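Next come the chains, spelled out residue by residue.
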Amino acid sequence: MDAILLQILNGLDKGSAYALIALGLTLIFGTLGVVNFAHGAIFMIGAFCAVTMQRILTLSHQVAVEGEVDFLGNPKMANVPYLHDIFGPETGGAIIDWSVPLALIFALPIMLAIGYIMERGLIKHFYKRPHADQILVTFGLAIVLQEVIKAFYGANPIQTPAPEALSGVWEVLPGILYPAWRVVYFCFSLVVIGAVFAFLQFTTFGMVVRAGMADRETVGLLGIDIDKRFTLMFGLAAGVAGLAGVMYGPINAPNYHMGMDFLVLSFVVVVVGGMGSLPGAVLAGFLLGILESFASMTAVIELIPGINQIIIYLVAIIILLVRPRGLLGRKGVME
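What this report covers is the structure whose coordinates are included nearby.

Assigned secondary structure in the protein consists of 14 helices and 4 strands. For the protein, the C-alpha radius of gyration of 22 Å lies close to 20 Å, the compact-globule estimate for 335 residues. Projected onto the principal axes, the alpha-carbon positions of the protein cover approximately 80 × 55 × 35 Å. The buried share among the 335 residues of the protein stands at 46%. Taking the intrachain contacts of the protein between residues at least 6 apart in sequence as the baseline, contacts between residues at least 24 apart amount to 71%. Only carbon and sulfur atoms are counted for the fraction: they give 67% of the accessible area of the protein, which is about 16300 Å². Of the charged side chains in the protein, 17 are positive and 21 negative, and the gap between their average positions amounts to 16 Å.

Relative to the assigned elements, Ser189 resides in helix H7 (residues 180-202). Relative accessible area serves as the criterion here: at 0%, Ser189 is assigned to the buried category. If sequence neighbours within four positions are ignored, Ser189 has contacts with Ser16, Leu20 and Phe286.

Counting residues in each nonpolar core, the largest one holds 93 residues, and the members touching the most others are Leu20, Phe43, Met118, Trp181, Tyr185 and Tyr248. With 13 residues, helix H10 (residues 226-248) is the single largest residue contributor to this core. Setting aside chain neighbours within four positions, we find Phe43 in contact with Ile21, Tyr185, Ala241, Ala244, Gly245, Tyr248, Met258 and Phe262.

This part is about the pattern of salt bridges. Enumeration according to the criterion identifies 3 salt bridges in this entry. Across the salt bridge formed by Asp13 and Arg182, the nearest N and O atoms sit 2.2 Å from each other. Note that Asp13 is positioned in helix H1 (residues 2-32) and Arg182 in helix H7, a separation of 169 residues in sequence. Given the relative accessible area of 3%, Asp13 is considered buried. With its nearest N and O atoms 2.7 Å apart, the salt bridge here joins Arg120 to Glu119.

With that settled, consider the packing of aromatic side chains. Taken as a whole and judged by the stated rule, the model has 11 aromatic pairs. Taking the centre distance of 6.1 Å and the plane angle of 70 degrees together, the rings of Phe37 and Phe139 count as edge-to-face. With Phe37 in the loop between H1 and helix H2 (39-57) and Phe139 in helix H6 (residues 131-153), this pair connects stretches of sequence that are 102 residues apart. Of the residues examined, Phe139 reaches a relative accessible area of 35% and is grouped as partly exposed. Consider the rings of Phe43 and Tyr248, whose centres lie 5.8 Å apart with planes at 55 degrees: the pair is tilted. Residue Phe43 is located in helix H2, and its partner Tyr248 is located in helix H10; the two are separated by 205 residues in the primary sequence. Owing to a relative accessible area of 12%, Tyr248 belongs among the buried residues under this scheme.

With 23 residues, H6 extends 32 Å between its outermost C-alpha atoms, agreeing within 8% with the 33 Å of an ideal straight helix rising 1.5 Å per residue. Three or more residues of H6 are buried, namely Gln134, Thr138, Leu141, Ala142, Leu145, Gln146 and Ile149. Taken together, the buried residues of H6 touch H2, helix H5 (99-121) and helix H11 (258-273).

Turning to the packing of H1 against helix H12 (residues 278-295), a few remarks are in order. Where H1 meets H12, the closest approach of the two axes is 6 Å, and the angle between their N-to-C directions is 145 degrees. Relative to H12, H1 is oriented so that their crossing is right-handed.

For the rest of this paragraph, the subject is the side chain of Thr26. With respect to the secondary-structure elements, Thr26 resides in helix H1. Setting aside anything within four residues of it in sequence, one finds Thr26 in contact with Val270, Gly276, Ser277, Leu278 and Ala281.

Relative orientation of the contacting elements helix H8 (residues 204-214) and H10 amounts to 105 degrees, with a least axis distance of 10 Å. Judged on the interaxial angle alone, H10 and H8 are roughly perpendicular. Where H8 approaches H10, its residues Thr204, Phe205, Val208, Val209, Gly212 and Met213 are matched on the opposing element by Ile226, Arg229, Phe230, Leu232 and Met233. A class-by-class count of the residues in the contact of H8 with H10 yields 8 nonpolar, 2 polar and 1 charged.

Procedures and definitions
Residues numbered from 1 in each chain as written. Predicted model: local features only at pLDDT ≥ 70, side-chain atom pairs only at ≥ 80, totals over all residues. Heavy atoms only, no water. Helix = DSSP H or I, 4+ residues; strand = E, 2+ residues; numbered from the N terminus. Rg over C-alpha atoms; globule rule 2.2 N^0.38 Å. Buried < 20%, exposed > 50% of the residue type's maximum accessible area, 1.4 Å probe, protein only. Contact = heavy atoms within 4.5 Å. Areas by Shrake-Rupley, 256 points an atom, 1.4 Å probe, with all protein chains shown as cover. Lys, Arg positive; Asp, Glu negative; His and termini not counted. Charge placed at Lys NZ, Arg CZ, Asp CG, Glu CD. Core = buried A, V, L, I, M, F, W, Y, C linked by side-chain atoms within 4.5 Å. Salt bridge = Lys/Arg side-chain N within 4 Å of Asp/Glu carboxyl O. Phe/Tyr/Trp six-rings, centres within 6.5 Å; stacked < 30°, edge-to-face > 60°. Expected span 1.5 Å × (residues − 1). Axes fitted to C-alpha atoms, helices over the stretch in contact; angles between N-to-C directions. Left-handed = near helix turned anticlockwise from the far one by under 90°. Parallel < 35°, antiparallel > 145°, perpendicular 65-115°, else oblique. Nonpolar A, V, L, I, M, F, W, Y, C, P; charged D, E, K, R; others polar.

What follows is the structure, encoded as structure tokens:
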């Protein structure tokens, strides 16, 4: 039973990332009708926002260590972060230690701006083009962004450690220990998902957006600039993916191809959940995360070698054969 519960926790952990990325993808498709293959790159940029914040906070200068010399008799030098000079070693060290959560504040406006610029500068020109054209241009954009990150940060993964207080393990259930940061990431995903649904459900802006998703023409005839609202939703979707990337850094060290690693899986999640269905994207994300976790168990791999590599796609094929619109998709959408 402990092993089963542990695999469920692993699945919820993986499903959190899938659900957050798929939520943003679905927001974009549901509002703008665009298949955005650059969304994984936005997730990657969010992770590198955490890397950048860490580098900014750890900017340092060299000072001589009192009473210590090297083998040549010269004073030994040590790197001291500027934050230590400004706030003192204790407070400055605490700020550096919490660089990943602090990067959320740094990343949110940047991701909103990137989403807005991407939509106004490129995506809007492909609204009326076939989905194949949208896929090609956004996939090309994803490759460009990936190479830009590689040029600035290098090809090797960069560690972004979690705060020391959240780097250990917690007893989440009696007798079951689990990494603290993974629990934090799951809770963070629930908060973000809940905030997005509350925004769409209980605000006037969200109600207009939902109405526009259902009948864009009628909303436009009422004198509402629905295109502007949809552009802001693109920025919101980018923000969700970016924040997901920031918090994912301590789980998997950011690297330039992590966006591509998640992109295909996230699109499978969106299709399984139902194109344009936000609840479907979240449900499918957690469901496929749990299935992938169980398929990664040693006993299962020994019984069916390689099943952990194909389980998501196998389930997707079965679901789409039985229900082409996805689990919670609307009739006629992508059938």
